[in-house]
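Working through the structure, step by step
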Amino acid sequence: MSKPDTTFIQREGKNYLGTYRPKIDAKDKALGKVQYLDDITLKGKLPGMLYCKILNSPYAHAKIVKMDTSKAEALPGVHAVIRCDDPELRALGRTTHAWTDIAITPKESDTIDRFWDRVFLPSRALWAGDQMGVAVAAETPEIAEEAIKLVDIKWEMLPPVYEMDDAKKPDAPIVHTEMNPNSNQLKHGDDSVVDDLVFERGDIDKAMEDADYIIEVEKTFGGTSTHGTLEYRGCVIQWGEDKIDVWTNHYMADQTRMFIHDYTGVPLNRVRVRNGNSGAHMGKWNTGEDTFYIITAYLSKRAGRPVKYMMNNHEEFHETRSENRYKIKAACTKDGRVLGFDAIAEGNTGAYVGGCDHNVEFIVQETFDRIYYPIKNVRLHAYTWFTNKIPGGVVRGIGNVQLSWAFNPIFQRLSDLTGIDLLEIIRINCGNNFNQIGGLNTSLDRVLTEGARLIDWDKKRNKTPGGGELIDGYKKRGVGVGVWNQWHAELNELTRGYYEVSIRLNPDMSIIIQAPTSETGAGGNSAAVFACAENLAFLNTKPEDILWTPLCDTELTLRDNAPTDSVISFLYAEAMAEAAVKLKAEILRRVAEYMEKEPEELDIENAYVFEKADPENRIEVGWFMLHTDCVPIHIHHARHNVNENAGLPYGAWFVEVEVDTEIGTVEVLDMAVVNDVGCVMHASGAESQQLGGQALGIGEILTEEMQYDWETGTPLNNNYIDYKMLTMADFPSVTPLLIEEWQGLGRYGAAGIAEGSFCGTGAAIANAVYNAIGVEIDKQPITPKKILAGLAKIRENDRKEGK
Amino acid sequence: MKKDKVRLTVNGRSYEFLSGRDFEPGDTLSKLLRERLGLTGVRVSCEQGACGACTILMDGKSVLSCMTLVIEADGSEILTIEGLNGKDPVVDAFVNTYGPGEGTAMQCGFCTPGFVLETHALLNENPNPSDEEITEALSGHICRCGCYHGIHTAVKKAADHICSCEGGEQNE
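Every value quoted in this text rests on a predicted model; they were computed, and no experiment measured them. (Residues numbered from 1 in each chain as written. Chains lettered and ligands numbered in written order. Predicted model: local features only at pLDDT ≥ 70, side-chain atom pairs only at ≥ 80, totals over all residues. Heavy atoms only, no water.)

Glancing now at the overall build of chain A. Scanning chain A from terminus to terminus reveals 20 helices and 35 strands. For chain A, whose C-alpha radius of gyration is 28 Å, the value lies close to the compact-globule estimate of 28 Å for 803 residues. For chain A, the C-alpha atoms occupy an extent of roughly 95 × 75 × 55 Å along the three principal directions. Counting every position in chain A, which comprises 803 residues, the buried fraction comes to 65%. Looking at chain A alone, contacts between residues at least 24 apart form 79% of all its contacts between residues at least 6 apart. Surface exposure of chain A reaches about 28300 Å², of which carbon and sulfur atoms provide 49%. Considering chain A, the positive charge centre built from 84 side chains and the negative charge centre built from 119 side chains are found 3 Å apart. (Helix = DSSP H or I, 4+ residues; strand = E, 2+ residues; numbered from the N terminus. Rg over C-alpha atoms; globule rule 2.2 N^0.38 Å. Buried < 20%, exposed > 50% of the residue type's maximum accessible area, 1.4 Å probe, protein only. Contact = heavy atoms within 4.5 Å. Areas by Shrake-Rupley, 256 points an atom, 1.4 Å probe, with all protein chains shown as cover. Lys, Arg positive; Asp, Glu negative; His and termini not counted. Charge placed at Lys NZ, Arg CZ, Asp CG, Glu CD.)

Structural data, given as structure tokens:
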């Protein structure tokens, strides 16, 4: 069956921005010319380089009582051994991994709560895999690994705790005694209510009294999936006499520089960090720098050589999407309105804080104002618990993926109770106070209308859950929807402060731009080039005339801008638009001097400067540059985001599934992904995100699940064979549709697409499964076991009711 | 298997490698290609045969170079991504997949050389594969960015290009 035409149509026609065209680095990527950390740090390029290996704790909760490293130190090829009782390391104090992507430095900046729950090489392991105890630097990775095995350790085993309900018990073993000696609960020191986050608006008690129905859900998402990127985290550090050189695949060189400065005391101008391309991100860099940077740095200092640290396949399972559980009561009316939410949100952050706390906090920031603005009465209590599981971290779509999973099902329940179509229930209750016509948010309305059309909602949606025909005697189909707001616009990224770009116009009219960011696949580099060409139309500049320099170097380049929150494309486009204005002014100033005119008397078109009063009096810009001083014209520009709220637009995810009622498998047959992003920067790139994001989105729901041995707390499938990520064989038909309905602030007024590209996917699949077989799954992932248990329960109920 | 000397043709150039000098007996082909020859388009990720990033062509067939010992490759003809150029029809198709509804055939680009070479291996054997045959041939590769739709489209475009060229030659 042929697909409907979903070619993106621009609201405002542009030459390059928002068009379909190849990524600027597509050929280099296809030819393998793009280089990643391991490629730029081959041993041949850094003679004498050593390899670092850090002990991974074999136990979930245990303490080193005694350690003998003499055999490791004596092993030929070992150059340095650093231990958990090392005075220099211990003098560094504690560190944090709390979200630092735009806060920049763990010690000085305080844009978010800091939780000082980590030390470099601790003597106590808090999860099975914790990097702790001892680290070595040796001539080969094999020698380093052998040296770690030669370390003789006497352990004291401590009782572990894995689940948050166990972590709450009064007699539970305490994971972080230094953070909270009496409880596993994460303390929020500056909260008005000790140990608890509370948010309240309106009068939730009255809303409950006024309600015709009170819907209760308990939903859990997280703790089961990870980033799964093919390039692993790492760095090479050379700590010379008066300088530290760092090569890394961290997504923000400047942030790494600040972190290393904080823990070495070396001045910022003596810490040089270089990064570049990153073999995908998926959120893993959003939490602060890992402790391995500092351990590697001190090994380099001791050994007097460059030292390389790279995680391996198992170590990359270093964090999971934070496990969050939401117990929500919704006060609802017969006419399909939600009057209020009374919610308890809890997070299992595992052994360390890495974003989980922000997930529960996100309910306030990311949810109630941005998508549930019409719901006036809200009460929220949020708690975070430490356990001995893999730390909860930031995975692409942080918090929003979990929240969408939890809140979307409430509208389905309300639809069932009232008989009102689910899409209508969503229209009534969701939205913000921007882009309103009457009570309707036009952005939300459009994504729902378009998505329903593409998936054929009216025809394929079963009127009653499970009411569809049985196919081949054992399969059933259903259609579902999830909605969420798009990821971040100008205001949401205000804490980035100033970010810089530059344009260098060469005498031959070719251009070099700096818009430094690690290219993770998000395509900020392509957008910067297209925006530059778009805004240099007066010089007839084309994208192919522009070179984007791919390396971020804290010594040579402008400060880089983290490619997080999927905003980098439009932030750099906004900056380029402003820089182009400056370039034009500078060209006019120089040519005016030459023509003995005032700049105001001149203008530029088709690469000619001309006198407005006498257009025949003109000079070609290229001629001028080549025949005067041949000096490139260089423009530097820094901007920060607009400090005004314009709300956010919406996305809708529609899914058709087929459920095998005999073995419980779920197959996604078709998907329509509709995103209103305000202004598209690169249509091919944005659609690639709409399509590609579903690989992670569907994987987390149907195939990816961390398995543990609960006797020891050991992860069992932390490798890429046993942890099942989607391949081409598993990838369904997906139809992407881009819309420009909402208008944000700035020249272009865009919102992001990449990070949030699957925020509604999980909720939509769950909703489609419910529509197919009448089984509501509360805990992600959706597994055959849960499907079959749900079907068995329905049969049991039918039997009791004599059906 | 013990070999003191290994001869390889890599991207059309002949090499002789000596055990103990150029490689250790336990070294993988990917290590030799990357570290000895600097062919960093050979990407190493999972080192367990799960991701396909390290795929190269050995005598025209796709091989996981991180799962192959140097000594196993003796006498073979190796093609890495560095042996292709921008005129290659598969590379061209991967670059020029960007139309409405296609997305792109790569985002971060780490896995791309492996997919390109696997496509060559497929088209060497089957110049006109069906949708299902494309999917089956490329399902040993992971693209975490999820560009499966774009990659599938690119493989079809490459196959169409190769078929039309071959057809053209026959007509002449």
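All names here are of chain A. Relative to the 16 Å expected for twelve residues at 1.5 Å per residue, helix α8 (residues 253–264) spans 16 Å between its end C-alpha atoms, a close match to the ideal helical length. For α8, the buried fraction is high: eleven of the twelve residues fall into the buried class. Where α8 is concerned, the buried positions are Ala-253, Asp-254, Gln-255, Thr-256, Arg-257, Met-258, Phe-259, Ile-260, Asp-262, Tyr-263 and Thr-264. Residues of α8 that are buried sit in contact with β4 (94–95), β11 (234–239), β12 (244–248), β13 (271–275), α9 (292–303) and β26 (552–553). (Expected span 1.5 Å × (residues − 1).)

Looking now at the interface of chain B and chain A. Listed by partner, the interface residues are 50 residues for chain B and 56 residues for chain A. Summed over both sides, the interface of chain B with chain A buries roughly 4200 Å², with 63% coming from carbon and sulfur. The largest per-residue losses of area from chain B upon contact with chain A belong to Gln-107, Arg-144 and Tyr-148 of chain B, which jointly make up 20% of the total buried on that side. Where chain B packs against chain A, one counts four salt bridges. Glu-704 of chain A is the partner of Arg-144 of chain B in a salt bridge, and the nearest nitrogen-oxygen pair spans 2.8 Å. Counting the contacts that link chain B with chain A gives 25 residue pairs in polar contact (both at pLDDT 80 or more). Elements with a contribution of two residues or more to the side of chain B that touches chain A: α1 (29–36), α2 (89–95), α3 (112–125), α4 (131–138) and α5 (148–171) of chain B. In terms of residue count, the dominant contributor to the side of chain B that touches chain A is α5 of chain B (four residues). The residue inventory of the side of chain B that touches chain A, partitioned by class, reads 24 nonpolar, 21 polar and five charged. (Buried area = accessible area lost by both parts, 1.4 Å probe. Salt bridge = Lys/Arg side-chain N within 4 Å of Asp/Glu carboxyl O. Polar contact = N/O pair within 3.5 Å; in protein donor to acceptor, adjacent residues only side chain to side chain. Nonpolar A, V, L, I, M, F, W, Y, C, P; charged D, E, K, R; others polar.)

Attention now moves to the sheet that holds strand β24 (residues 511–514) of chain A. Residue and element names in this part refer to chain A. Taken in spatial order, the four strands line up as β25-β24-β23-β30 in an open sheet, and their pairing is mixed. Two strands in the sheet have a free side with no partner beyond their single neighbour: β25 (546–548) and β30 (633–639). The average undirected angle you get between the axes of adjacent strands in this sheet is 20 degrees. In the sheet, strand β23 (residues 499–505) pairs with β30 via seven bridges, with the strands oriented antiparallel. Looking at the pairing, Val-501 lines up with His-637 of β30. Most of the contacts of helix α15 (residues 524–535) go to β25, to which it runs at about 150 degrees, and overall it touches β23, β24 and β25. (Pairing = 2+ DSSP bridges. Axes fitted to C-alpha atoms, helices over the stretch in contact; angles between N-to-C directions.)

The geometry of an aromatic ring pair is captured by two quantities: the separation of the ring centres and the angle between the planes. Residue and element names in this part refer to chain A. Here the structure, examined in full by the defined rule, presents 28 aromatic pairs over all chains. Consider the rings of Phe-120 and Tyr-263, whose centres lie 4.9 Å apart with planes at 70 degrees: the pair is edge-to-face. With Phe-120 in the loop between β5 (118–119) and β6 (124–125) and Tyr-263 in helix α8, this residue pair connects regions lying 143 residues apart in the sequence. According to the relative accessible area criterion, Phe-120 is buried, its value standing at 0%. (Phe/Tyr/Trp six-rings, centres within 6.5 Å; stacked < 30°, edge-to-face > 60°.)

Residue and element names in this part refer to chain A. Orientation of α15 relative to helix α16 (residues 568–595), taken along the N-to-C sense of each, is 25 degrees, at an axis distance of 8 Å. One finds that α15 runs roughly parallel with respect to α16. Note that α15 runs across α16; the crossing there is right-handed. Between α15 and α16, the contacting residues are Gly-524, Ala-527, Ala-528, Ala-531, Cys-532 and Asn-535 on the first element and Ile-568, Ser-569, Tyr-572, Ala-573, Met-576, Ala-577 and Ala-580 on the second. Of the residues in the contact of α15 with α16, the class split is ten nonpolar, three polar and no charged. (Parallel < 35°, antiparallel > 145°, perpendicular 65-115°, else oblique. Left-handed = near helix turned anticlockwise from the far one by under 90°.)

This brings us to the packing of helix α18 (residues 683–702) of chain A against helix α19 (residues 761–773) of chain A. All names here are of chain A. Between α18 and α19, the least distance of the axes is 9 Å, while the angle of their chain directions is 50 degrees. Taken together, the axis directions place α18 and α19 in an arrangement best described as oblique. In this structure, α18 meets α19 at a crossing whose hand is right-handed. Residues Gln-694, Gly-697, Ile-698, Ile-701 and Leu-702 of α18 form the contact with α19, whose own contacting residues are Thr-761, Gly-762 and Ile-765. The class makeup of the residues in the contact of α18 with α19 is four nonpolar, four polar and no charged.

Residue and element names in this part refer to chain A. Tallied over the full model, the rule gives zero disulfides over all chains. The thiol sulfur of Cys-679 is not disulfide-bonded, and the nearest other cysteine sulfur, from Cys-532, lies at 16 Å. Residue Cys-679 is classed as buried on the basis of its relative accessible area of 5%. Note on Cys-759: no disulfide assigned, nearest cysteine sulfur contributed by Cys-430 at a separation of 14 Å. Judged by relative accessible area, which is 2%, Cys-759 ranks as buried. (Disulfide = S-S within 2.5 Å.)

Turning next to the domain arrangement of chain B. Residue and element names in this part refer to chain B. Taken domain by domain, chain B consists of domain 1 (5–83) and domain 2 (89–171). For domain 1 versus domain 2, the distance between C-alpha centres works out to 23 Å. Residue-level contacts link 17 residues of domain 1 with 14 residues of domain 2. Summed over both sides, the interface between domain 1 and domain 2 buries roughly 1200 Å², with carbon and sulfur atoms accounting for 61% of that surface. Counting across the interface, domain 1 meets domain 2 through one salt bridge. Across the pair Glu-125 and Lys-61 runs a salt bridge, and its minimum N-O distance is 2.9 Å. For the pair domain 1 and domain 2, the interface holds seven residue pairs in polar contact (both at pLDDT 80 or more). The set of elements that each furnish at least two residues to the side of domain 1 that touches domain 2 consists of β3 (55–58) and β4 (61–64). A breakdown of the residues in the side of domain 1 that touches domain 2 according to their chemical character gives eight nonpolar, seven polar and two charged. (Domains from an automatic or database assignment.)

Turning our eyes to something else, we now look at the sheet that holds strand β1 (residues 50–56) of chain A. Residues and elements named next belong to chain A. Here eight strands make up an open sheet; going across it, the order is β3-β7-β1-β14-β11-β12-β13-β26 and the pairing mixed. Each edge of the sheet is formed by a strand with only one pairing partner; in this case those strands are β3 (78–83) and β26. For β11 and strand β14 (residues 307–310), the ladder comprises four bridges, and the chain directions are antiparallel. By the bridge assignment, Gly-234 is partnered in β14 with Met-310. Docked against the sheet, α8 engages β11, β12, β13 and β26, running at close to 145 degrees with respect to β13. Running over the sheet, α9 touches β1, β3, β7 (131–138), β11, β12 and β14 and is turned about 35 degrees from β11.

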